[in-house]
Amino acid sequence: MSKPWRGVLYAVLLIAALYYLLPLYVMLSTSLKTMDEIRAGNLLSLPGAISFDAWHKAWGTACTGIECSGLSGYFWNSVRMVIPAVLISTALGALNGYVLSKWRFRGSELAFAMLLFGLYIPFQVLLLPMAQTLGWFGLARSMAGLVFVHVVCGIAGTTLFFRNFYVGIPDELIKAARLDGAGFWRIFLRIVLPMSLPILMVTLIWQFTQIWNDFLFGLVFSSGESQPITVGLNNLANTSTSVKEYNVNMAAALIAALPTIAVYVLAGKYFVRGLAAGAVKG
Amino acid sequence: MGALAIKNVTKRFGDTHILKGIDIHVDSGEFLILVGPSGCGKSTLMNIIAGLESPSGGEVHIADRIVNDVAPKDRDIAMVFQSYALYPTMNVRQNIAFGLETRGVPKKEQDEVIARVAKMLQMDHLLDRKPGQLSGGQRQRVAMGRALARNPKLFLFDEPLSNLDAKLRVEMRTEIKQLHHRLKTTIVYVTHDQIEAMTLGDKIAVMKDGVIQQFGSPQQIYDTPANLFVAGFIGSPSMNFIPAHLASEGGVIGVSLQSGDAACFAPLLDSQRYAAYVGKRVIVGVRPEQWDLAADGGGLACKINLTEPTGPDTIVFTQINGIEVQARLHPRDARSPGSVLHLRPDMSKAVLFDPETEIRIG
């Protein structure tokens, strides 16, 4: 490519990057301003004096309804929800994918097709039957219930990821391991799983983002002390006092978004690599 | 003692019959080749021997024990795969140790086995590498090492050389043969390469469409192929199949050959066994190397259409009885295209086939 064209390309990329970074910048700078400065200054200006008051308030003392103890409780709720939900749904997806690609049985293709169908069911449809099911299990309005919902709804996607990845692993490898005397679990744990790092990262990141950012299930299937951060953020922003505290709202939104941003920054390269690996083989 | 016996083994998927009654018997220490074109069922048969697939009918015996219901790991076999099937996340040492580990071999004994195998295959320096860091030939060697570590009663090789380049393939072929001489273990070896089949095998089973076309020593199969398929499959360049009438001239039975305007009568040796076919159409099989230059000016005057020098020999192409015929000549005897050579088939080695049944006559 000739030099001037390369320049144009970089310019376009830079503009696109700025366009997408702008909201983040506005959120960050607003969260570091005082209310006076927000009322006086313009949206894009840098904060005059950096103040973490809004962050402290969003974390610890902002009102979310009648209670005024910030987002901290909701944040830890989300952590307690997301870790088991991500790990269980990923583990089940890996196991399903392993069975559906390497231990096919009569009807396994049908089972896979039905699982895929699960990807296309809008979650709103599930709300009432799921509420009923949780009631039967005695899990209604509990953290365990919320984890259960996320695991069930995540399995279709995680199974698809792993199954398509494992289809690319040669069957001869499994045959060799069987001749070596390894059984179902040993082959999975010693041979297949160590090869799964790229797709494992993709699935973990994907599930983490999905579950952390979920609002619908959090709103419907949890209450009080088990509500996740998305619900907390909504409550915080909707609790009306005389003034709208933009800096607190922005800080709260950033607190809610921080874990997913961190995951992408730390593990983003695995995500791209894993998706590419799947694309070539699947 | 019988190392491997396959008795009337069949395999079908729904209405598709992959194997239609296979019978094979191999003695201990023999090198058996299963050879045939893709889709002939040889790999399925191999998987059945290994226990990775179960037969629809029939029995598999390994070391005089029926193993139909024995799991692959308990059959006392080891297998080398076409793709080598090395575990990519383990280094060479771990790859070899894996099978020993699952069988509960103590660590100290594992190390001894690894050392023995590494020495035998000269791969001590590779032990700490991952398969991804090895060349094709080295991977092949490791795959064989993994199989050797087990010290099994039966080795199975599933097209082990087909992923290697031509030069390496020849080297590894020799190495496998030397290994067999040294270990004297029974080997079953699947290939689609007829040269591998000829060079390695003590016995060859030529397969097609799920049926064993012929089972015998390489020389038997080369000299007296059971049918047209075997005759055409084994040998390179292929045997020439010349359509001809079987005639009797003055009490001698033979065939008449024609090339352009020239014609000759080629008498068959020991010809009374063909008496029933006199006056009928037959197919005469003459291998390319079974043509001699008729120095006396006899034989059949053939116009050369094309030559292919291979170095040690030159293949000349001509037309006999309406079909293209290849003859392998010493380069000194070959002539350039357009000239005429007097060729004479060695009828003592010629084989005759019935054009209807495609089976060898006599």
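- Labelled according to an unreviewed UniProt entry, chain B appears under the name Sugar ABC transporter ATP-binding protein, originating from Jeongeupia chitinilytica.

- Chain A appears in an unreviewed UniProt entry as ABC transporter permease from Jeongeupia chitinilytica.
- Its UniProt record, at the heading Subcellular location (unreviewed entry), says of chain A: "Cell membrane".

A few points about the overall build of chain B
Moving on, step 1. For chain B, the count of helices and strands is 8 helices and 22 strands.
Moving on, step 2. By its C-alpha atoms, chain B is 80 × 45 × 35 Å across when sized along the principal axes.
Moving on, step 3. Here the contacts in chain B between residues at least 6 apart in sequence split such that 66% fall between residues at least 24 apart.
Moving on, step 4. In the form shown here, chain B has an accessible surface area of approximately 15,900 Å², with 49% of it arising from carbon and sulfur atoms.

Considerations on unusual backbone geometry
All names here are of chain B.
Moving on, step 1. For the bond from serine 236 to proline 237, the omega torsion is -5 degrees, close enough to zero to count as cis.
Moving on, step 2. Structurally, the position occupied by proline 237 is in the loop between α8 (228-233) and β11 (240-249).
Moving on, step 3. Despite not being glycine, alanine 63 has its phi angle at roughly 50 degrees, a positive value.
Moving on, step 4. Tracing the sequence through the fold places alanine 63 in the loop between β4 (57-62) and β5 (65-66).
Moving on, step 5. For alanine 63, a relative accessible area of 23% puts it in the partly exposed group.

Notes on the sheet that holds β4 of chain B
All names here are of chain B.
Moving on, step 1. What the 4 strands build is an open sheet, ordered β2-β1-β4-β5; its pairing is antiparallel. Each edge of the open sheet is held by one strand with a lone partner, namely β2 (16-27) and β5.
Moving on, step 2. Pairing of strand β1 (residues 2-13) with β4, which is carried by 5 bridges, proceeds in the antiparallel orientation. Residue pairing across strands places alanine 5 opposite histidine 61, the latter belonging to β4.

Brief notes about the environment of serine 162 of chain B
All names here are of chain B.
Moving on, step 1. Mapped onto the secondary structure, serine 162 falls in the loop between β7 (154-158) and α5 (166-183).
Moving on, step 2. Using a relative accessible area of 27% as the deciding quantity, one classes serine 162 as partly exposed.
Moving on, step 3. Taking the C-alpha atoms as reference points, serine 162 and aspartate 193, 31 residues apart in sequence, are found 8.5 Å from one another.
Moving on, step 4. Not counting chain neighbours up to four residues away, the residues in contact with serine 162 comprise Gln82, Arg169 and His192.
Moving on, step 5. Among the polar contacts made by the side chain of serine 162, one reaches the side chain of glutamine 82 at a distance of 3.0 Å.
Moving on, step 6. Polar side-chain contacts of serine 162 include one of 3.1 Å to the backbone oxygen of glutamate 159.

Section: the domain arrangement of chain B
Residues and elements named next belong to chain B.
Moving on, step 1. When the domains of chain B are assigned, the result is domain 1 (2-225) and domain 2 (240-361).
Moving on, step 2. Each of domain 1 and domain 2 was reduced to a C-alpha centroid, and the two centroids are 40 Å apart.
Moving on, step 3. Each partner contributes residues to the interface: domain 1 has 5 residues there, and domain 2 has 5 residues.
Moving on, step 4. The largest share of the area that domain 1 buries against domain 2 comes from Tyr222, Thr224 and Pro225, three residues that together contribute 87% of it.
Moving on, step 5. Counting the contacts that link domain 1 with domain 2 gives 0 salt bridges.
Moving on, step 6. Taken together, the links from domain 1 to domain 2 amount to 3 residue pairs in polar contact (both at pLDDT 80 or more).

Concerning the UniProt feature "transmembrane region" (unreviewed entry) in chain A
Moving on, step 1. With numbering matched to this structure, UniProt assigns "transmembrane region" (unreviewed entry) to residues 7-28, 81-100, 112-131, 143-166, 187-208 and 250-272 of chain A.
Moving on, step 2. Helix makes up 100% of residues 250-272 of chain A and strand 0%, and the two end C-alpha atoms of the span are 29 Å apart.

With respect to the pattern of salt bridges
Residues and elements named next belong to chain B.
Moving on, step 1. According to the stated counting rule, one finds 19 salt bridges over all chains in the structure shown.
Moving on, step 2. Lysine 203 is the partner of glutamate 30 in a salt bridge, and the nearest nitrogen-oxygen pair spans 3.4 Å. Here glutamate 30 is found in the loop between β2 and β3 (31-35), whereas its partner lysine 203 is found in strand β9 (residues 203-208), with 173 residues between them in sequence.
Moving on, step 3. By relative accessible area, glutamate 30 is classed as buried at 16%.
Moving on, step 4. Between aspartate 128 and arginine 93 there is a salt bridge, with the nearest N and O atoms lying 3.4 Å from each other. A residue pair is termed long-range when its members are at least 10 positions apart, and aspartate 128 in the loop between α3 (107-120) and α4 (136-149) and arginine 93 in helix α2 (residues 92-102) qualify at 35 residues.
Moving on, step 5. The exposure class assigned to aspartate 128 is exposed, which follows from its relative accessible area of 56%.

Digging into the side chain of aspartate 193 of chain B
Moving on, step 1. Checked against the element boundaries, aspartate 193 of chain B lands in the loop between β8 (186-191) and α6 (194-200).
Moving on, step 2. The charged side chain of aspartate 193 of chain B is buried without a salt bridge, its nearest counter-charge being arginine 169 of chain B at 4.2 Å.

Some points on the domain arrangement of chain A
Residues and elements named next belong to chain A.
Moving on, step 1. Once the domains are mapped, chain A shows domain 1 (3-51) and domain 2 (72-281).
Moving on, step 2. Taking the mean C-alpha position of each, domain 1 and domain 2 sit 33 Å from one another.
Moving on, step 3. Listed as interface residues are 10 residues of domain 1 and, on the opposing side, 9 residues of domain 2.
Moving on, step 4. Between domain 1 and domain 2 the total buried area reaches about 750 Å² when both faces are included, carbon and sulfur atoms providing 82% of it.
Moving on, step 5. It is Met27, Ser31 and Met35 in domain 1 that bury the most area against domain 2; as a group they hold 59% of the surface buried on that side.
Moving on, step 6. Applying the counting criterion to the domain 1 and domain 2 interface returns 0 salt bridges.
Moving on, step 7. Remark: the boundary between domain 1 and domain 2 carries 1 residue pair in polar contact (both at pLDDT 80 or more).

Points about a nonpolar patch on the surface
Residues and elements named next belong to chain A.
Moving on, step 1. Together, Leu21, Leu24, Leu258, Ile261, Val265 and Leu266 line one region of the surface with nonpolar side chains, adding up to about 570 Å² of accessible area.
Moving on, step 2. Broken down by secondary-structure element, the contributors of at least two residues to the nonpolar patch are α1 (3-31) and α13 (246-281).
Moving on, step 3. It is α13 that contributes the most residues to the nonpolar patch, 4 residues altogether.
Moving on, step 4. With respect to the helices and strands, the residue isoleucine 261 is situated in helix α13.

A word on the state of the cysteines
Moving on, step 1. Applying the stated criterion to the full structure yields 1 disulfide over all chains.
Moving on, step 2. The disulfide that involves cysteine 63 of chain A links it to cysteine 68 of chain A, with 1.7 Å between the sulfurs. With the S-S dihedral at roughly 95 degrees, the linkage between cysteine 63 of chain A and cysteine 68 of chain A falls on the right-handed side.
Moving on, step 3. Cysteine 264 of chain B forms no disulfide, and the closest cysteine sulfur to it belongs to cysteine 302 of chain B, at a distance of 7.9 Å.
Moving on, step 4. The exposure class of cysteine 264 of chain B is buried, given its relative accessible area of 18%.

Notes on helix α6 (residues 123-137) of chain A
Residues and elements named next belong to chain A.
Moving on, step 1. An ideal rise of 1.5 Å per residue puts 21 Å on 15 residues; α6 measures up with 20 Å between its terminal C-alpha atoms.
Moving on, step 2. The principal kink in α6, of about 35 degrees, is found at proline 129.
Moving on, step 3. Along α6, the positions that sit buried rather than exposed are Leu127, Met130 and Leu134.
Moving on, step 4. In this structure, the buried side of α6 is in contact with α7 (143-167) and α11 (216-221).

Scoring rules and cut-offs
- Residues numbered from 1 in each chain as written.
- Chains lettered and ligands numbered in written order.
- Predicted model: local features only at pLDDT ≥ 70, side-chain atom pairs only at ≥ 80, totals over all residues.
- Heavy atoms only, no water.
- UniProt positions renumbered as here; feature names shortened; annotations may be inferred.
- Helix = DSSP H or I, 4+ residues; strand = E, 2+ residues; numbered from the N terminus.
- Contact = heavy atoms within 4.5 Å.
- Areas by Shrake-Rupley, 256 points an atom, 1.4 Å probe, with all protein chains shown as cover.
- Buried < 20%, exposed > 50% of the residue type's maximum accessible area, 1.4 Å probe, protein only.
- Pairing = 2+ DSSP bridges.
- Polar contact = N/O pair within 3.5 Å; in protein donor to acceptor, adjacent residues only side chain to side chain.
- Domains from an automatic or database assignment.
- Buried area = accessible area lost by both parts, 1.4 Å probe.
- Salt bridge = Lys/Arg side-chain N within 4 Å of Asp/Glu carboxyl O.
- Lys, Arg positive; Asp, Glu negative; His and termini not counted.
- Patch = residues over 30% accessible without salt bridge, like charges linked within 9 Å, V, L, I, M, F, W, Y side chains within 5 Å.
- Disulfide = S-S within 2.5 Å.
- Expected span 1.5 Å × (residues − 1).
- Bend = angle between axes of the 7 residues up to and from the residue.

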